[in-house]
Amino acid sequence: MKRIFHVTIVIAALAIIPLSVNAQCKSFAKKICKVELAPYIHDGNYHAAILTVGEEAELYKTFYSETDYRISVCGSDDLPDIEFRVIDSDRNVLYTNKSKDYSRIWDFRLEASQQLKIFVKVPTTEGLPEDILNGCVAIMFGFKEK
Amino acid sequence: MGKKIFLSIPVKLIAIFLAAIIFSGCATDRKRSSGEDFGLDSTEISEDLLEDIGTAKQIFYSLPSPLETAMLLKSAGATYNEELLNPVSNASNYTTNRTMALNLGIYTTDLSFASLFDQTQTSIEYMNAAKQMADGLGILDAIDNNTIERLEENINNRDVIMDIISETIMSSSSFLTEDERPALASIVLVGGWIEGLYIATNLVGDAPIENNKLVERIVDQKLSFEWVIKLLEDNKDHPDVIALMGDINDLKVTFDKIIIKTSKIQAVPDEESNVTILKSESTIDITLEIFRELTNKIQALRQNFIS
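What counts and how
- Residues numbered from 1 in each chain as written.
- Chains lettered and ligands numbered in written order.
- Predicted model: local features only at pLDDT ≥ 70, side-chain atom pairs only at ≥ 80, totals over all residues.
- Helix = DSSP H or I, 4+ residues; strand = E, 2+ residues; numbered from the N terminus.
- Buried ≥ 20, exposed ≤ 12 C-beta atoms within 10 Å, placed from the backbone.
- Contact = placed C-beta atoms within 7 Å.
- Pairing = 2+ DSSP bridges.
- Core = buried A, V, L, I, M, F, W, Y, C linked by C-beta atoms within 7 Å.
- pLDDT = per-residue confidence, 0-100.
- Axes fitted to C-alpha atoms, helices over the stretch in contact; angles between N-to-C directions.
- Parallel < 35°, antiparallel > 145°, perpendicular 65-115°, else oblique.
- Left-handed = near helix turned anticlockwise from the far one by under 90°.
- Nonpolar A, V, L, I, M, F, W, Y, C, P; charged D, E, K, R; others polar.

Draft legend 1. Inspection of the overall build of chain B at higher detail. The secondary structure content of chain B amounts to eleven helices and five strands. With 307 residues in all, chain B has 42% of them scored as buried. Across chain B, every contact between residues at least 6 apart in sequence was considered, and the portion connecting residues at least 24 apart equals 71%.

The structure is reproduced here in structure tokens:
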């Protein structure tokens, strides 16, 4: 009976954990990543994932001409600095934060509307504690009102 | 010792199970990229980059949010016309998940549009309509009474209003995604996107399409249409998405007739402002006939959504 009780508790805990981790991810995105967008206006879209060291995510978005944009990419404190690249449809790298000391933001304006890809990676870093499993990585966009 | 052995095996199993659940819960739309072309033109890709694309754990397709859509319309010279918005009195007609999700997107776009034109009372009414849709979908706390009160208290503070709207959009989207309902989240986005196109095409009306900024913004949506299709394809197991794909795919025939050509992008950083200018040129090729065809399809689609 006691064992059944323990199993039930474990199963219930396991069922709740993904929701809890996701909720933490949203909270992190809102409190940390969104703040980085100021003074740009957050567009409201939410893109976040739990990534582990060495994992990558990509986001496709159309950016419109004559609009000022800010990209904010950030990872939770448990993770090393997040690397991101902005790539055009000809697969040219337009920006990489690797050469900018892993800056979390990039401001840009397009002369013509374009489809771009944001490539995000949690770099593998030597000397990381072994207990790092994963963390939240969020990609957010802001714009300036004209 | 016996106790230690008894515990160690389940702990390892639980750890593996736990990791599996965490990843499954957070990456419901996990996909592997095929390294496909995503633009208008393509050139050879470096092997390193190709390798990166092939190993991405998660792929997002981002549509212009209701707030961005409203901003794009305003910056293209749109004027405010309340008659184009979906009347809030229709809110009680929406009782299925499909109609509530579509009209959550539609009302949020209308709310954003009204707010950007400082239509304070209308903004509150549309926030309430959006709340009704969110409540119906069981989106807890995305729009609560505090949100409405905050909106009322700050009705003359543009920055706070924008923040409230963006937070509302984010909360709705994240709640549906976290609640294992990404299909409904995609339907909300498509509803909002179509509403933006509906308002824009109506505002163009009978005006000439040449050198018309609003027409250019509408044509630009061909570039977002690809992400609409990808987003829906990611959720094509959902019956409401299957039905929506049938409606949306009809637009493809018309968007395919519009030609957009862009030149190579040159990134020019401005050290002083810290803003990088992505220099390039584009040309669009659209006839009045094609524009009318697109307008008619958008109107029919939007009518279907709000009925």
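Draft legend 2. Geometry of the overall build of chain A. Scanning chain A from N- to C-terminus turns up one helix and nine strands. Walking chain A from its N terminus toward its C terminus, one meets helices and strands in the order α-β-β-β-β-β-β-β-β-β. The buried share of chain A, taken over its 146 residues, is 48%. In chain A, the proportion of contacts linking residues at least 24 apart, taken out of those at least 6 apart, comes to 80%.

Draft legend 3. Up close: the pairing of strand β2 (residues 47-51) of chain A. Residues and elements named next belong to chain A. The element β2 is largely enclosed, with a buried count of five among its five residues. Going residue by residue along β2, you find H47, A49 and L51 tucked away on one face and A48 and I50 tucked away on the opposite face as well. Examined bridge by bridge, β2 and strand β9 (residues 135-143) share five bridges and lie antiparallel to one another. Looking across to β9, one finds that A48 is bridged to A138.

Draft legend 4. Up close: the environment of E226 of chain B. In this structure, E226 of chain B sits in helix α9 (residues 213-234). Overall, the presence of 17 C-beta atoms within 10 Å leaves E226 of chain B in the partly exposed class.

Draft legend 5. Geometry of the environment of E83 of chain B. Residue and element names in this part refer to chain B. Assignment of secondary structure puts E83 in the loop between α3 (66-75) and α4 (97-116). Residue classification places E83 among the exposed positions, given that 6 C-beta atoms sit within 10 Å. Through-space distance from the C-alpha of E83 to that of I199 is 9.8 Å; in sequence the pair is 116 residues apart.

Draft legend 6. How the structure looks around the pairing of strand β1 (residues 56-62) of chain B. Where burial is concerned, most of β1 of chain B is hidden: seven out of the seven residues are buried. Of the strand pairs in this sheet, strand β3 (residues 56-63) of chain A and β1 of chain B are connected by six bridges, and their pairing is parallel. Residue pairing for β1 of chain B: E56 of chain A is matched across the bridge by A56 of chain B.

Draft legend 7. Main features of the nonpolar core. Within the largest apolar cluster, 117 residues are counted, with the highest numbers of intra-cluster contacts made by V137 and A138 of chain A together with A130 and M133 of chain B. When residues in this core are grouped by element, the largest group, 13 residues, is from helix α8 (residues 182-204) of chain B. Not counting residues within four places of it along the chain, the set of residues in contact with M133 of chain B comprises A91, Y94, M100, N103, L104 and Y107 of chain B.

Draft legend 8. Region of interest: the confidence of the model for chain B. The predicted model of chain B averages 84 in pLDDT, with 82% of residues at 70 or higher. Confidence over residues 1-53 of chain B falls short of pLDDT 50; this stretch has 65 contacts with residues more than four positions distant or in other chains.

Draft legend 9. Spatial organisation of the sheet that holds β1 of chain B. Taken together, the five strands give an open sheet; going across it, the order is β6(A)-β5(A)-β8(A)-β3(A)-β1(B), and neighbouring strands pair in mixed fashion. Each end of this open sheet is capped by a strand with a single partner; those strands are β6 (93-96) of chain A together with β1 of chain B. This sheet shows a mean twist of 20 degrees between the axes of neighbouring strands, independent of strand direction.

Draft legend 10. Geometry of α3 of chain B. Counting buried residues along α3 of chain B, eight of its ten residues qualify, which places the element largely inside the surrounding structure. Among all positions in α3 of chain B, only P66, L67, E68, T69, A70, M71, L72 and L73 of chain B are buried. Buried residues along α3 of chain B sit against β9 of chain A together with α4, α7 (158-178), α8 and α9 of chain B. Phi turns positive one or two residues past the end of α3 of chain B, at G77 of chain B, with a value near 95 degrees.

Draft legend 11. Examining unusual backbone geometry more closely. Of note, the amide linkage connecting A38 of chain A to P39 of chain A takes the cis form, showing an omega dihedral of 10 degrees. Along the chain, the position of P39 of chain A falls in the loop between α1 (2-33) and β1 (41-42). The phi torsion at D118 of chain B lies on the positive side, around 60 degrees, for a residue other than glycine. Mapped onto the elements of the fold, D118 of chain B is located in the loop between α4 and α5 (120-136).

Draft legend 12. Fine view of the packing of α4 of chain B against α5 of chain B. Residue and element names in this part refer to chain B. Running from N to C, α4 and α5 cross one another at 160 degrees; their axes reach a closest spacing of 9 Å. Classified by the angle between their axes, α4 and α5 sit roughly antiparallel to one another. The two elements α4 and α5 meet at a crossing, and its hand is left-handed. From α4, M100, N103, L104, Y107, T108, D110, L111, A114 and S115 reach across to α5, where they touch T122, S123, Y126, M127, A129, A130, M133, A134 and G136. For the contact of α4 with α5, a count of residues per class yields eleven nonpolar, six polar and one charged.

Draft legend 13. Seen up close, the environment of K252 of chain B. Among the structural elements, K252 of chain B can be located in helix α10 (residues 239-255). C-alpha of K252 of chain B to C-alpha of E226 of chain B: the two residues are 26 residues apart in sequence and 9.0 Å apart in space.

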